[in-house]
Amino acid sequence: MNFIKQEITEQNAGYYTLPPKPRPLPEAHASDEALAFIDKLPSDFVSKQRRAIENAIAGDSAELETVRASRRISSYDMSSVYVEDIRINGGKLRLRTYTPKTPLSTSRNILLYLHGGGWTINSPENCERFCRDFAVENDSTVVAPDYRLAPEHPYPAANDDAKTAYLWTVEHARLIGGSAEKIYIGGDSAGGHLAFATAIDLRDDDSAKTKPRGIIAFYPAIDLEHTDTESYKYFGEDFALNAGLMKLYIEAYAPTPKARKAASLAAANLAGLPRSLLLVSECDILRSEAENFAERLASSGVKTRRVRLEGATHIYITQKGMDNAYYAALHEASEFVSRGE
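Residues numbered from 1 in each chain as written. Predicted model: local features only at pLDDT ≥ 70, side-chain atom pairs only at ≥ 80, totals over all residues. Heavy atoms only, no water.

### Some remarks on helix H11 (residues 287–299)
Argument step 1. Its 13 residues give H11 an end-to-end C-alpha distance of 18 Å, which sits within 8% of 18 Å, the value for a rise of 1.5 Å per residue.
Argument step 2. Of all the residues in H11, the buried ones are Arg287, Ser288, Glu289, Ala290, Glu291, Phe293, Ala294 and Leu297.
Argument step 3. If you follow the buried residues of H11, they end up packed against helix H7 (190–204), helix H8 (230–235), strand E7 (276–281) and strand E8 (304–309).
Argument step 4. Downstream of H11 by one or two residues, Gly301 has phi in the positive range, about 90 degrees. (Helix = DSSP H or I, 4+ residues; strand = E, 2+ residues; numbered from the N terminus. Expected span 1.5 Å × (residues − 1). Buried < 20%, exposed > 50% of the residue type's maximum accessible area, 1.4 Å probe, protein only. Contact = heavy atoms within 4.5 Å.)

Below, the structure written as structure tokens:
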């Protein structure tokens, strides 16, 4: 079995130092566990989603709703945490909270976690293993919004819901057992995109007095205008996230050039953002844009830790079968929060 290797360690380079150049993209290869995971994917894993999203963009969401329903099923043992669904914003937005079964506290860290799924599918239930494990591992409260999905609710609906969830969490932090001064925003894939977009929005909103303490993003989507990067070239097929499917996700979420430009983070002003952790998968179409984004963060003066997981592909946070990548990422997220600064 190949084990995930971390390219950067505190001992040899400093925690917030970007790693050296990786092995060239043509030499990248998936780990044994990633290859086994990919081999076990249903033959229609990509085609089923593509067809459902294409139909939804055309106005028929029936098949997409079937896909979504399959992702709303709770499939992990949640006995180690208290799980509660809270309705906010007049009942229109569901927040699922995960609280460890430890003595009641009002000083815990809080992680606002935004699920992935190309802005079109998935739910808090889909990322519940990570929400549970992070809550237990760090004695923290996790808040996972069930934000509105595209194409029925295109940009900026998901962004608005993410910000609404953050502001609610600040106001009700003590009620859910945490501190308003210790809220982190995280997410995987499209959720990583929303995490950074929300942090940028909060930075620019003078009325939002309490800013997030940090950002955690797993294989985030960054650039919605350009899908011709080097990593798209090498990992566009057979690496868990299909290039054609990713383009459909973007079309559903940001259907016009104006929307794509507004939603994209590739040229966003990054100065003044809180310290950030980016987990990049070596064999992922989003790798190039995520790595470039990390460099831009660092150049903008943001404390940035970028970790490239060798051999990893996409979706290891939410799909069973890539435990080495999953636990390496969980460890990185836990260490990042434990540092505080």
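Following the structure, the description resumes.
### Section: the nonpolar core
The nonpolar side chains of soluble globular proteins are, as a tendency, buried together.
Argument step 1. Core analysis: the largest hydrophobic core is formed by 112 residues, its most contacted members being Trp119, Phe130, Phe218, Met246 and Tyr316.
Argument step 2. If near-sequence neighbours (up to four positions away) are discounted, Phe218 is found in contact with Tyr113, Phe130, Gly187, Asp188, Ser189, Leu279, Tyr316, Ile317, Ala329 and Ala333. (Core = buried A, V, L, I, M, F, W, Y, C linked by side-chain atoms within 4.5 Å.)

### Looking at the packing of helix H3 (residues 45–57) against helix H9 (residues 243–253)
Argument step 1. At their nearest, the axes of H3 and H9 sit 10 Å apart, and the two run at 25 degrees to each other. Considered as vectors, H3 and H9 are oriented roughly parallel to each other. Between H3 and H9 lies a crossing of left-handed hand. Every residue of H9 that contacts H3 at Val46, Gln49, Arg50, Ile53, Glu54 and Ile57 is listed here: Gly244, Leu245, Leu248, Tyr249, Glu251 and Ala252. (Axes fitted to C-alpha atoms, helices over the stretch in contact; angles between N-to-C directions. Parallel < 35°, antiparallel > 145°, perpendicular 65-115°, else oblique. Left-handed = near helix turned anticlockwise from the far one by under 90°.)

### Focus: the sheet that holds strand E2 (residues 93–100)
Argument step 1. Reading across the sheet, the 8 strands line up as E1-E2-E4-E3-E5-E6-E7-E8 and stay open at both edges, with mixed pairing between neighbours. Unpaired on one side and paired on the other, strand E1 (81–88) and E8 mark the two borders of the sheet. The average undirected angle you get between the axes of adjacent strands in this sheet is 20 degrees.
Argument step 2. Sheet topology note: the strand E3 (residues 108–114)/strand E5 (residues 178–188) ladder contains 6 bridges and is parallel. Directly across from Leu111, in E5, lies its bridge partner Tyr184.
Argument step 3. Of the strands in this sheet, E1, E2, E3, strand E4 (141–145) and E5 touch helix H6 (residues 157–171), which is tilted by about 165 degrees from E3.
Argument step 4. Where H11 meets the sheet, it contacts E7 and E8, and its direction lies at approximately 155 degrees from that of E7. (Pairing = 2+ DSSP bridges.)

### Observations regarding the side chain of Ser123
Argument step 1. By secondary structure assignment, the location of Ser123 is in the loop between E3 and helix H5 (128–138).
Argument step 2. Polar side-chain contacts of Ser123 include one of 3.1 Å to the backbone oxygen of Arg71.
Argument step 3. Residues contacting Ser123, with those up to four places away along its chain left out, are Arg71, Arg72, Arg94, His115 and Asp146. (Polar contact = N/O pair within 3.5 Å; in protein donor to acceptor, adjacent residues only side chain to side chain.)

### Comments concerning the environment of Asp32
Argument step 1. Note that Asp32 resides in helix H2 (residues 32–40).
Argument step 2. Spatially, the C-alpha atoms of Asp32 and Ser288 are 22 Å apart, while their sequence positions differ by 256 residues.

### Digging into the pattern of salt bridges
Close approach of charged atoms allows side chains of opposite charge to pair.
Argument step 1. All chains considered together, the criterion is met by 21 salt bridges.
Argument step 2. In this structure, Glu65 and Arg72 form a salt bridge, with 3.7 Å as the shortest nitrogen-oxygen distance.
Argument step 3. Across the pair Arg96 and Asp85 runs a salt bridge, and its minimum N-O distance is 2.8 Å. Here Asp85 lies in strand E1 and Arg96 lies in strand E2, a separation of 11 residues in the sequence.
Argument step 4. Three or more residues are tied together by salt bridges with common partners; here these are Asp85, Arg94, Arg96, Glu125 and Asp146. (Salt bridge = Lys/Arg side-chain N within 4 Å of Asp/Glu carboxyl O.)

Nothing here speaks to function; it is geometry throughout.
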